[in-house]
Amino acid sequence: MRKVGHPHRDEPGSEDVDAAVASKRDDQREDPLGEDEERTSLQRSEPLDLPVLVVNRQFHPVKLTSARRAFLLLYSGSALALDEAGELHDFSAWRRLPVREKDHRVPIVGGSLRVPRVVHLRHYDRVRRPTVPLTRKTVMLRDGHQCQYCSKQPAIRDLNIDHVIPRSRGGNSSWENLVTACRTCNLRKGWRTPDEASMRLIRAPQAPRWSLAALIVMGSPLIFEEWNPFLRAS
Ligand SMILES: [Zn+2]
């Protein structure tokens, strides 16, 4: 397990967890996958921002959420928290569990509360269809960090994202119109279409079909070993 910064600097010590949860700023985006700045902010984060894996009734992964949202699900009875032995706990059982050395904790009245790694939605059967976020990084991953015009694989800093049909010509930012290009090809192509520049793409760009497990791992600043059984099986 990788670790993040020091937990709970300015947590309210004398309130119950629901009050603590409610008083916390909740500006995190619904989809935790993707951007680097989000990763950085998570790495500085408090225990309530830690990622928690949400699994459905059949224990298939659904998404990552924050510990803050996981506690709300637990407290409202929508979810149960899963311990490493595979046992499910409702909120009152969970708050009685001891907090061990390796756990992240949230202070509550009379002690502290273990941050769960996995919560189980009791009534949710669906499997979320993964949507890969369209970012510079995911376009480059889809293309294997290979220039889609000349096939070279220079260092990442020498790669650009190219609009196949330039934006100035109505080209949009979509999986089908964005490709990885080396600087040389990017400059050579300029504001032209591939036809005009006599440059051919080595493959037709498409949205990638990655598994939800791959996306969860890719998008999370932390990977907890407690997630492994669920991510492997998906
Ligand atoms: Zn190139």
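Remember, it's a predicted structure, so these values are computed and weren't measured experimentally.

Rules of the game
- Each chain carries its own residue numbering, running from 1 in the written order of its sequence.
- Per-residue local features are limited, in this predicted model, to residues with pLDDT of at least 70; the limit for side-chain atom pairs, both in listing and counting, is 80 or more; totals at the level of whole chains, interfaces and linings are taken over all residues.
- Neighbour counting defines burial: a residue surrounded by 20 or more other C-beta atoms within 10 Å of its own C-beta is buried, one with 12 or fewer is exposed, and intermediate counts give partly exposed, using backbone-placed C-beta atoms.
- Numbering of helices and strands runs from the N terminus, with a helix taken as a DSSP run of H or I at least four residues long and a strand as a DSSP run of E at least two residues long.
- Pairs of strands are assigned from DSSP output, requiring at least two bridges between the strands.
- Once C-beta atoms have been placed from the backbone, residue pairs whose C-beta atoms lie within 7 Å are recorded as contacts.
- All axes here are fitted lines through C-alpha atoms, helices being fitted over the stretch that makes contact, and every angle between N-to-C directions spans 0 to 180 degrees.
- The term nonpolar core refers to a set of buried Ala, Val, Leu, Ile, Met, Phe, Trp, Tyr and Cys residues connected through C-beta atoms within 7 Å.
- Each C-beta atom gives one direction from the helix axis, and the arc is the one those directions make.

### Points about helix α3 (residues 67-76)
Since there are 3.6 residues in each turn of an α-helix, residues three or four apart along the chain are aligned in direction.
1) Next: Of all the residues in α3, the buried ones are Ala67, Arg68, Ala70, Phe71, Leu73 and Leu74.
2) Next: Backbone geometry just downstream of α3 places Gly77 in the positive-phi region, at approximately 90°.

### Notes on the sheet that holds strand β3 (residues 79-82)
1) Next: Taken in spatial order, the five strands of this open sheet run β2-β1-β7-β3-β4, and their pairing is mixed. What marks the edges here is a single partner per strand, and that holds for β2 (61-66) and β4 (88-89).
2) Next: Alignment of strand β1 (residues 51-55) against strand β7 (residues 118-121), held across three bridges, turns out to be parallel. Bridging across to β7, Val55 finds its partner in His120.
3) Next: The strands touched by α3 are β1, β2, β3 and β7; relative to β2, the strand with the most contacts, the crossing angle is about 110°.

### Points about the nonpolar core
Looking at soluble globular proteins, one finds that nonpolar side chains tend to be buried together.
1) Next: Val52, Leu53, Leu74, Val118 and Val119 are the most contacted members of the largest nonpolar core, which totals 28 residues.
2) Next: The set of elements that each furnish at least two residues to this core consists of β1, β2, α3, β3, β7 and α8 (212-219).
3) Next: Tallying contributions element by element places α3 first for this core, with five residues.
4) Next: Setting aside residues up to four positions removed in sequence, Val52 forms contacts with Leu64, Thr65, Ser66, Ala67, Ala70, Pro116, Arg117, Val118 and Val119.
5) Next: In this structure, Val164, Leu178, Ala181 and Cys182 belong to the second largest nonpolar core, which totals 10 residues.

### Let's talk about α8
1) Next: Along α8, the positions that sit buried rather than exposed are Leu215, Ile216 and Gly219. For α8, the angular spread of the buried residues around the axis is 100°, confining them to a single face.

### Quick notes on the environment of Leu72
1) Next: Locating Leu72 in the fold gives a position in helix α3.
2) Next: Put simply, Leu72 and Phe91 are 19 residues apart on the chain and 9.6 Å apart in space, counted from C-alpha to C-alpha.

### Remarks on the pairing of strand β9 (residues 178-182)
Successive residues of a regular strand alternate their side chains across the two faces of the sheet.
1) Next: For β9, a buried count of five out of five residues is recorded, marking the element as mostly surrounded by other parts of the structure.
2) Next: Here β9 shows a buried face lined by Leu178, Thr180 and Cys182 and a second buried face lined by Val179 and Ala181.
3) Next: Where strand β8 (residues 159-163) lies against β9, five bridges are found, and the strand directions are antiparallel. For Ile161, the partnering residue across the bridge sits in β9 and is Thr180.

### Observations regarding unusual backbone geometry
1) Next: Positive phi, close to 65°, is recorded for Phe59, a residue that is not glycine.
2) Next: Note that Phe59 resides in the loop between β1 and β2.
3) Next: Residue Ser198 is not a glycine yet carries a positive backbone phi of 55°.
4) Next: Mapped onto the elements, Ser198 comes out in the loop between α7 (194-197) and α8.
5) Next: Owing to 9 C-beta atoms within 10 Å, Ser198 belongs among the exposed residues under this scheme.

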